[in-house]
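Listed below are the residues making up each chain.
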Amino acid sequence: MIDLSQLRQDFPILHQQVGGEPLIYFDNAASSQKPRSVIDALVRYYERDNANVHRGLHELSNRATAQFEAARSRVARFIGAASEREIIFTRGTTESINLVAHAMAEKWGPEDAIVVSGMEHHSNLVPWQMAAQRSGASLWHVPVLDDSSLDLGVLKQHLSTGRVRLLSCVHVSNSLGSINPVPEICDMAREAGALSLIDGAQAVGHFPVDVAKLGCDFYAFSGHKMCAPTGIGVLWGRSRVLENLPPWQGGGEMIESVTLERSTYKEAPARFEAGTPDIAGVIGLGAAVDYLERIGLPAIEAHGTALTQRAVEGLVELPGLRLLGPPPGKPRAALASFTLQCAHTHDLVEFANTRGLALRGGHHCTQPLMKRFKAAGSSRASFYFYNTADEVDAMLRILREAINFFS
Amino acid sequence: MIDLSQLRQDFPILHQQVGGEPLIYFDNAASSQKPRSVIDALVRYYERDNANVHRGLHELSNRATAQFEAARSRVARFIGAASEREIIFTRGTTESINLVAHAMAEKWGPEDAIVVSGMEHHSNLVPWQMAAQRSGASLWHVPVLDDSSLDLGVLKQHLSTGRVRLLSCVHVSNSLGSINPVPEICDMAREAGALSLIDGAQAVGHFPVDVAKLGCDFYAFSGHKMCAPTGIGVLWGRSRVLENLPPWQGGGEMIESVTLERSTYKEAPARFEAGTPDIAGVIGLGAAVDYLERIGLPAIEAHGTALTQRAVEGLVELPGLRLLGPPPGKPRAALASFTLQCAHTHDLVEFANTRGLALRGGHHCTQPLMKRFKAAGSSRASFYFYNTADEVDAMLRILREAINFFS
Amino acid sequence: MPLPDDLRDLYQQVILDHSRRPRHHGRIEAPCTHVHGDNPTCGDEIDLWLKLDANGNIEQLKFEGQGCAISQASASMMSVKMQGSSQSQARQLIADFRTVVTGEGNISDEDALGELALLEGVQKFPQRVKCATLAWRALEQALAEANGSQAAAPATPS
Amino acid sequence: MPLPDDLRDLYQQVILDHSRRPRHHGRIEAPCTHVHGDNPTCGDEIDLWLKLDANGNIEQLKFEGQGCAISQASASMMSVKMQGSSQSQARQLIADFRTVVTGEGNISDEDALGELALLEGVQKFPQRVKCATLAWRALEQALAEANGSQAAAPATPS
Ligand SMILES: Cc1ncc(COP(=O)(O)O)c(C=O)c1O
Ligand SMILES: Cc1ncc(COP(=O)(O)O)c(C=O)c1O
């Protein structure tokens, strides 16, 4: 079991007041907080070891390179990658997806199709719209059913055309909390000869993720949502698939030899990491992985489930509240998104803020999904392992107060 | 005048021994060290204010957003941008250049040409090779003369064809130390109807840079080479030019409205900043700008010039040493690149390292330039304001020792 | 626990009342000027219909929209004030209202503001300024378009 | 100040001597196998010419190249050892040499290494392993190619 009182001590930011009340940070799906050990890893790096990686032979460069590559290995182990050469460092989920979309689009034409779901974050929709436009490929959608799950029948139809080259789908919806049946979806794609990319922004760091078991070809996630610094993320790609992927950005470190006219490129992951990487960010990501593994992902998952269940049970009792996402009783990630009849989400979030409660309000970068559920936006409470049942109860009290105020 | 003994106290990393000797860090062109105030800005952010920017209404998000945007304004002022809306945050110079190359290539065809110089870093060469390949445009070169300057006659010829759409050129060569006549070059480009991009990776933070005075259309640089954290860089673009530039990466934050089928995009800079940015990196960059401005760029420049002159005078006295770059007496940035007859650069750098001296050896990501000067690689000493004349003297002693050892 | 003063100032009873029961809500039949405005980041939207009379004064102004209490109340309160205004009065009120919510600049006519002065509470919430001014920016655009089409009126008589 | 032991071990006199005066430097005229190898990051390059005799033993091996002292000395020392070796001896030496410079694995024949054991100093400089093994990787490739073309020999008699 997680000893909460202990863990909260690891997060300096949690111990402050906002508007005279203790901060309740329930905006974890937007970005998580950072433990002392991750902040310390950054400080240690800059105070002792900072230098550019790979190109040096001097002591600091050797140290920086060793720590940088050690972090790559740790991340590979963390998500069950076959090798650290399958780990490409990016700025975050968005860049990871753009990398694949840009590189793959080079090979696509009007006869090809891409499939995404109707519950994608803009970061897993707009890059494919752009790739479709550039290449002439078609972009097809898998609708979201009323119970916040995907219409796999339609996916099957799309795949049966034989035209689908890539399926991209979110693992955990950041707006609904739905957990998609990734292994099943990836099996379907593979059988139809399509590659699969999974957007794991809301999954990694919340429960055990093993890309080998999931069966996807690409997996994208962001460090900042899993205790790591801002500015660092990962694209995992299956070796066999990366081998055939052309480079995207050009520059230092990704080349083998360069003449004025043409260049040859290194193998993955270097081929996809042009320019000086976010060295400190990578090392911080490694420290975050260490930290999460010390707590244990199953424990983090169990705690998130418990908090979410408590929240959902309380929320559905509130007058005029409509809960989005999977119906009570169905699996749901550690977040709850809802609308209030009496108050627009921005008014509610503003109100909550004066009580020290950090909620997120708006479309959560999922405009099509909001439209699908006829919501102009929603208020979202998203939890992480350092949140407590008392905080959930406080949220419910504050929401009640807000409803009284705005009604 | 800079009080050196004081300034060195700001850099924790400098006060260590390597191989039993005091560290002499002369690899600043690869990456600079970070002052306490920049490290503290990161720690403060993560300990007090961390949250995702732009999308929130709660206190932490408001604070993070305010600091993030304040840093954008400071960077704009620092380089003489007309408005903070001209500042796009990227991972570094490499990504800045790729952004322009990818976005512009959408508009180019076989009748168009791109011009780069023969002294470009791979990061300002490979992206244009790729853009040329994708668009069918031609890629032309401006040769480097024996005195390490550019053959502007050839540039003129290229421009006179009327086919050149963009000229991209380095401000300060990271291998030679040449300082190119940027205003003159940009004037020539503008008169020929071509846009100009300047790679300022080795310029910003070393002397005053004012994009308005330079007359370019794009200016790219990296934070990590100017006391800021790794993982953050800048693309400056003239408003009028950014307005007409299509987006590159798609995702959250860069869109205005999204349907499943299509999206509309925000104006610059948001249009070019898809996904969660490196918030802490941006805030750290702001702190670095503050720090550099407190010292004063003219003072930094003067100190760099003095150290370099001392180094060059000593180097040319060493037996079997060939100095690359501008001849003694000509303007030169704060670096000296050289080859030794008796030792390959890697042997020299290894030797130096055992004496606590951090040099860089190799092609410095400028393979065509090395070939141009018939060097398999070079050893490079690059200076910053926290380096001292004593360190330069120590380097010369260590080089003498190495020459004795290897001869 | 009492609510903080800032929040009470932002959501005064008058404001909440306007947001719950917006005045001049609905559409105007053509001929009139219709503009759509939004705050893409927060999803607030407004549709505004404007009809000028023969003298160029505001004969009628109506709106529909969705968004937070501040944006809806501000639209409602604006619509009440604008009925029958001359364009110069309207422009002055637009400028004065911006000063009310941002605290920047000087107010030229305190009295004309009336209830609108209550939205002063927005000053403490800089993120909400764009909510409060959404309807006003739409009105500015509608006036510009209406004048454009009036200038073109002889060519396309309505 | 005395030089650190690590460095003295890396650059022993024998090694520096080989790097300054490489043995078996130059080319072999065709027919023979020629391969090019490089370490792109550091720019080290090697061209290796290999000629097998009728029994498939190494009749002659020569090289040209540029790079650091370690890579050149290693190539020179390898070329001395390889003249006249059988392919199985060569392969064993390649494996043993990798153990010398990485410290990983076991050495099957200490005696066969001779001078090559001096390159043990590389172990303390992991970044230099790829310098020390450049020539050896080229030789592996050359042997593979030579065997391929020998298999095809009847078709294209030389
Ligand atoms: C002249 C020049 N251009 C571009 C770059 C690339 O910068 P970065 O690796 O930070 O993207 C560098 C530094 O490595 C450089 O010196
Ligand atoms: C499901 C999902 N996908 C993608 C993203 C984009 O991640 P980032 O902004 O870190 O690139 C997010 C988070 O904002 C998300 O929740």
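Structure's up top.
Residues numbered from 1 in each chain as written. Chains lettered and ligands numbered in written order. Predicted model: local features only at pLDDT ≥ 70, side-chain atom pairs only at ≥ 80, totals over all residues. Heavy atoms only, no water.

A. Spatial organisation of the pattern of salt bridges. Residue and element names in this part refer to chain A. Applying the stated criterion across every chain, the model contains 48 salt bridges over all chains. One salt bridge connects Asp49 with Arg63, and the closest N-O pair in it is separated by 2.7 Å. You can see Asp49 sitting in helix 2 (residues 36-49) and its partner Arg63 sitting in helix 3 (residues 59-78), a full 14 residues away along the chain. By relative accessible area, Arg63 is classed as partly exposed at 22%. Between Asp187 and Arg190 there is a salt bridge; the shortest N-O distance is 3.2 Å. Of this pair, Asp187 and Arg190 are both found in helix 7 (residues 182-191), three residues apart, which corresponds to roughly one turn of the helix. Owing to a relative accessible area of 35%, Asp187 belongs among the partly exposed residues under this scheme. The network of salt bridges with shared partners includes Asp27, Arg360 and Arg380. (Salt bridge = Lys/Arg side-chain N within 4 Å of Asp/Glu carboxyl O. Helix = DSSP H or I, 4+ residues; strand = E, 2+ residues; numbered from the N terminus. Buried < 20%, exposed > 50% of the residue type's maximum accessible area, 1.4 Å probe, protein only.)

B. Structural context of the interface of chain A and chain C. Facing the 15 residues of chain A at the interface are 21 residues of chain C. Buried surface at the junction of chain A and chain C, both sides included, amounts to about 1,500 Å², of which 58% is carbon and sulfur. Inspection of the region where chain A meets chain C yields two salt bridges. Among the salt bridges present, the one from Glu350 of chain A reaches Arg128 of chain C, with a minimum N-O distance of 2.6 Å. Inspection of the region where chain A meets chain C yields seven residue pairs in polar contact (both at pLDDT 80 or more). Mapped by element, the contributors of at least two residues to the side of chain A that touches chain C are helix 12 (345-354) and helix 14 (389-406) of chain A. When residues of the side of chain A that touches chain C are assigned to their parent elements, the largest contribution, five residues, is made by helix 12 of chain A. (Contact = heavy atoms within 4.5 Å. Buried area = accessible area lost by both parts, 1.4 Å probe. Polar contact = N/O pair within 3.5 Å; in protein donor to acceptor, adjacent residues only side chain to side chain.)

C. Main features of the relation of the copies chain B and chain A. Under the fitted operation, chain B is carried onto chain A by 0.0 Å of movement along the axis and a turn of 180°, and the coordinates agree to an RMSD of 0.0 Å. Here the copies are linked by what is in effect a two-fold axis. Nearest to the rotation axis, the C-alpha of Gly231 of chain B is located 3.4 Å from it, this being the minimum over chain B. The fraction of interface residues of chain B whose copies in chain A are also interface residues reaches 100%, indicating that both copies meet through the same surface. (Least-squares fit on C-alpha atoms with pLDDT ≥ 70 in both.)

D. Broad picture of the side chain of Ser76 of chain C. Tracing the backbone through its elements, the reader meets Ser76 of chain C in helix 3 (residues 69-82). Contacts of Ser76 of chain C, omitting those with residues within four sequence positions, involve His18, Pro22, Arg23 and Phe63 of chain C.

E. Focus on the sheet that holds strand 2 (residues 44-52) of chain C. All names here are of chain C. One open sheet holds the three strands; their spatial order is 1-2-3, and the pairing between them is antiparallel. Looking at the sheet topology across the chains shown, the edges are occupied by strand 1 (33-39) and strand 3 (58-66). Averaged over all pairs of adjacent strands, the angle between their axes in this sheet comes to 20°, without regard to strand direction. Alignment of strand 2 against strand 3, held across eight bridges, turns out to be antiparallel. Looking at the pairing, Leu50 lines up with Leu61 of strand 3. Against the sheet, helix 3 makes contact with strand 2 and strand 3, and its axis sits at roughly 170° relative to strand 3, the strand it touches most. (Pairing = 2+ DSSP bridges. Axes fitted to C-alpha atoms, helices over the stretch in contact; angles between N-to-C directions.)

That is the geometry; function is a separate question.
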